[in-house]
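Spelled out from the first residue to the last, the chains are:
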Amino acid sequence: MGLDMYLSKKIYVWRENRHKLKLSGFDKEIDPQKVSYIVEEAGYWRKANAIHGWFVDNVQEDVDDCKEYYVSREHMQKLLDTVNEVLGASELVKGKIQNGIQYKDGREEPIMEDGEYIKDPKVAKELLPVRGGFFFGNYDPDKGYDQWYYQSLMDTKKILEVALKAEDADFYYQSSW
C-alpha cells in the first residue's frame, strides 16, 4: 500500500527481427512472429513523492490519475538536471528524522529516530518539493528532506542515466497508490 512508481522502457521489434526472439517456455502461448513491442522495467521507486510530484507537474499536465504517460528524452534530461542540482546543494547531517506516526491519547505524534537530513533544504524545497498523498511517505514540508528523500534522488539519477543511454526506446511513467 502506498505510492509505487514505474518507468517502463518500450522497444519496437521490427518485423524482420522477430524471428530472432527467443521466448523460452512461452512459445506455446506467445508467437514471436506477432510480437510488436518488448516492455521492460527501467525504474522503480517506492514513496519517492517529490519525484512523483515532478512527473505529475511536468509530464502529466497536473493530472494525478495513475495512468501511463509518455516521457520524452527532454523530460528525462530535465529531471536529471534538476536532481543533480538538488544533490549538489544538499549536505546530509546527522540528527533525528521522522519514521512514521503513532497515536497517543487520540493525537497524532511523529516517530523520531536517529538518521540524516539535508542541512539546508532550500534548493530541494524550491526545485523538488515533497508532495503529499495517500501513504506517499514523509511529506512534511519541514522534516521531509531526510536520508530517504536524498536516496530517492540518488536512485532517480541512476535510473535516468541508464535510460538516457537507450537509443531506440520509448519511456513511460506510471504511478500506483
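Residues numbered from 1 in each chain as written. Predicted model: local features only at pLDDT ≥ 70, side-chain atom pairs only at ≥ 80, totals over all residues. Heavy atoms only, no water.

1. A few points about the overall build of the protein chain
Helix and strand counts for the protein chain come out as four helices and six strands. For the protein chain, the N- to C-terminal ordering of α and β elements is β-β-α-β-α-β-β-α-α-β. Along the three orthogonal principal directions, the C-alpha set of the protein chain runs to about 65 × 35 × 30 Å. Counting all 177 residues of the protein chain, 36% fall into the buried class. For the protein chain, the accessible surface area stands at approximately 11200 Å², while carbon and sulfur atoms represent 49% of it. Averaged over its 25 positive side-chain charges, the protein chain has a centre that lies 4 Å from the centre of its 33 negative ones. (Helix = DSSP H or I, 4+ residues; strand = E, 2+ residues; numbered from the N terminus. Buried < 20%, exposed > 50% of the residue type's maximum accessible area, 1.4 Å probe, protein only. Areas by Shrake-Rupley, 256 points an atom, 1.4 Å probe, with all protein chains shown as cover. Lys, Arg positive; Asp, Glu negative; His and termini not counted. Charge placed at Lys NZ, Arg CZ, Asp CG, Glu CD.)

2. Some words on the sheet that holds strand β1 (residues 4-12)
One open sheet accounts for four strands, arranged β2-β1-β6-β3; its pairing is antiparallel. Looking at the sheet topology across the chains shown, the edges are occupied by β2 (37-46) and β3 (69-71). Across the sheet, the mean angle separating the axes of adjacent strands is 30 degrees when strand polarity is ignored. Bridge count between β3 and strand β6 (residues 170-176): three bridges; the pairing is antiparallel. Bridged to Tyr70 within β6 is Tyr172. The strands touched by helix α4 (residues 147-163) are β1, β2 and β6; relative to β2, the strand with the most contacts, the crossing angle is about 160 degrees. (Pairing = 2+ DSSP bridges. Axes fitted to C-alpha atoms, helices over the stretch in contact; angles between N-to-C directions. Contact = heavy atoms within 4.5 Å.)

3. Some details on unusual backbone geometry
For Asp62, which is not glycine, the phi dihedral falls at a positive 65 degrees. With respect to the helices, strands and loops of the structure, Asp62 is situated in the loop between α1 (49-58) and β3. For Asp105, which is not glycine, the phi dihedral falls at a positive 55 degrees. Note on placement: Asp105 falls in the loop between β4 (92-104) and β5 (107-118). Judged by relative accessible area, which is 79%, Asp105 ranks as exposed.

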